[in-house]
Amino acid sequence: MGQLLQAVWGGLVFGSVYGLMAVGLTLIWGSLNLLNLAHGAIYVAGGYVAYTLMVSLGFSAVFAFAGAMLASAALGLVLYAVVVLPMLGKPGWDNASWIATVAVSLVLESALLLAYGPEVRAMPAAIEGAFVVNDVVFRYQAILVCAVAVVLLVLLHLFLKTSRFGLAIRAVSQQMDASRLVGIPVALVFLIVMGVSASLSGLAGAMLTSILALSPTAGFVPMLKALIVTIFGGLGSVKGTIVAAYVIGLLEAFVQAFAGVAWSLPALFLFIIAVLLVRPQGLFGTPELQRL
Amino acid sequence: MLRVSDVSAGYGAAQVLHGVSMHVDAGESVVLLGPNGHGKTTLLRVISGLVRPSGGSVQFEGEELVGRKPEEIVAAGIVHIPQGDLVFPMMTVRDNLLMGAYRRGAWKVRKDGLDRVYALFPRLQERGGQLARSLSGGERRMLAIGRGLMGDVRLLIVDEPSLGLAPQVIEDVYAAIKAITRDGLSLLLVDESANHVEGMADRVYLMETGEFRREGNAAELLGDEALLSTYLG
């Protein structure tokens, strides 16, 4: 029983972080039609910024997290201005764009390797300690991760559902021409989406690397899982992505608890292959292209 | 009010418009007639900033529009209701309408806008909470028109509102457009068929292969059966 509950709790924590990463992927896919494979590198960059602020410079965790979000948002905007914008709307966008983001990711990871070296670092927890209820260990850091992620996901959902600019982001992802014709500044929407997505990924990196480890390539696996979440949720659907994040998080935690950590990625791949066979549009996706 | 002078435009190597000129005066209803694929839609897309012309000028109340972004042209008061069902399919009818009030000034008075549009199209109010993709073709067309009326529109551009609709629904849509323009709103409307626009156009342009062949008073041109059958078949 204890092991089961521990797995559920672990699943909720993982799910929260995957949610933070995956909504960014989904937003960018939905509005720009771009598969951003630099998302994992931005996650790691967020981790290193937080590490530098907290460990090297002695700032508090709050500052470290805020700094990580700001720095990754800036990275996202640079990525947009330097790489995405020159290619946007040109022939070959579909493939050229995601290949370019792979290149960006390689550059970013190499830069981090040069700056910080290859060794794996342990990011300190924002709050040390834990408490135990019924044999289930609740680390304060895990509670923090979970709470921050849930609050941000709820806020993001409300923003997209009710605010003027949030509605405009969804409009752009569903019908670009109509959005232009009602006066939505599409370029600004793209910019905001890139910045928000990157900052969420950077925050995920800052928070999760104290539970997992921090190294220049540590972003690849979380990104892979976020990608699985995004596909499972129905590419482009924010609600679907959030639900999918927790399903995948729980699935992973159960596999780790009862079959061993080695099985977690293979199990997720098997799962997503099965999903794609049965329901190729994912949980909340629609068969059409516009979904957000 | 709107003055298009010697506009040429195309997509890549294919030139669609060959130096067209036309104008819409304040309070006037102007109709562009012509068969499919002869440049009517392209001209509208040039006016609203979606397509950049290769030459010529588009002026609205003395201000040049060529080179301006679509959102700036909307801000000037030109609202283009595009061909087909360009609604936001996964948003509710109400949210679709609200997007028509995206501009800050319109957003402040969006409740009034909703009331106005709902009064014109009670069906949209009934279906306010439904996703736009669940609407029928006619309802979607009304949604697109209603969305266009949420902002402060001074020139309304409607691209083939009859496309793909049943005859009864076409009548409803045109009745609605007529009602909108009754209070002096300027209208630029594109259609393939002369039948729909009788009684609502002040002036008519006949377009063929990217040029205007004839221009004139609606009553005269629309009464000339021989002329119409030559151009529209």
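Read on for a plain summary of the structure. No experiment lies behind these values; they were computed from the predicted model shown.

A short note on the interface of chain A and chain B
Moving on, step 1. On the chain B side, the residues contacting the 23 residues of chain A number 23 residues.
Moving on, step 2. When chain A packs against chain B, close to 2,200 Å² is buried across both sides, 66% of that on carbon and sulfur atoms.
Moving on, step 3. Taken as a group, Arg164(A), Leu181(A) and Val182(A) account for 36% of the area that chain A buries against chain B, more than any other trio of residues on that side.
Moving on, step 4. On inspection of chain A and its partner chain B, the count reaches one salt bridge.
Moving on, step 5. Note that Arg45(B) is salt-bridged to Asp177(A), the shortest N-O span being 3.2 Å.
Moving on, step 6. The interface formed by chain A and chain B contains three residue pairs in polar contact (both at pLDDT 80 or more).
Moving on, step 7. Contributions of two or more residues to the side of chain A that touches chain B are made by α6 (164-174) and α7 (176-181) of chain A.
Moving on, step 8. Ranked by residues supplied to the side of chain A that touches chain B, first place goes to α6(A) with seven residues.

Quick look at helix α8 (residues 186-208) of chain A
Moving on, step 1. A rise of 1.5 Å per residue sets the reference length of α8(A), with its 23 residues, at 33 Å; its end C-alpha atoms lie 33 Å apart and thus fit the reference within 8%.
Moving on, step 2. By the criterion of burial, α8(A) is predominantly enclosed, with 18 of the 23 residues buried.

Structural notes on the pattern of salt bridges
Residues and elements named next belong to chain B.
Moving on, step 1. Following the criterion strictly, the structure yields eleven salt bridges over all chains and no others.
Moving on, step 2. Note that Glu63 and Arg68 form a salt bridge whose closest N and O atoms lie 2.8 Å from each other.
Moving on, step 3. The class of Glu63 is partly exposed, set by a relative accessible area of 47%.
Moving on, step 4. On the accessibility criterion, Arg68 (27% relative accessible area) is partly exposed.
Moving on, step 5. Between Asp152 and Arg103 there is a salt bridge, and its shortest N-O distance comes to 3.8 Å. Of this pair, Asp152 sits in the loop between α7 (137-148) and β7 (155-159) while Arg103 sits in the loop between α3 (93-100) and α4 (104-108), placing them 49 residues apart in sequence.
Moving on, step 6. Taking relative accessible area as the criterion, Arg103 reaches 26% and is therefore assigned partly exposed.
Moving on, step 7. Via salt bridges that share partners, Glu28, Arg203 and Glu215 belong to a single interconnected network.

What counts and how
- Residues numbered from 1 in each chain as written.
- Chains lettered and ligands numbered in written order.
- Predicted model: local features only at pLDDT ≥ 70, side-chain atom pairs only at ≥ 80, totals over all residues.
- Heavy atoms only, no water.
- Contact = heavy atoms within 4.5 Å.
- Buried area = accessible area lost by both parts, 1.4 Å probe.
- Salt bridge = Lys/Arg side-chain N within 4 Å of Asp/Glu carboxyl O.
- Polar contact = N/O pair within 3.5 Å; in protein donor to acceptor, adjacent residues only side chain to side chain.
- Helix = DSSP H or I, 4+ residues; strand = E, 2+ residues; numbered from the N terminus.
- Expected span 1.5 Å × (residues − 1).
- Buried < 20%, exposed > 50% of the residue type's maximum accessible area, 1.4 Å probe, protein only.

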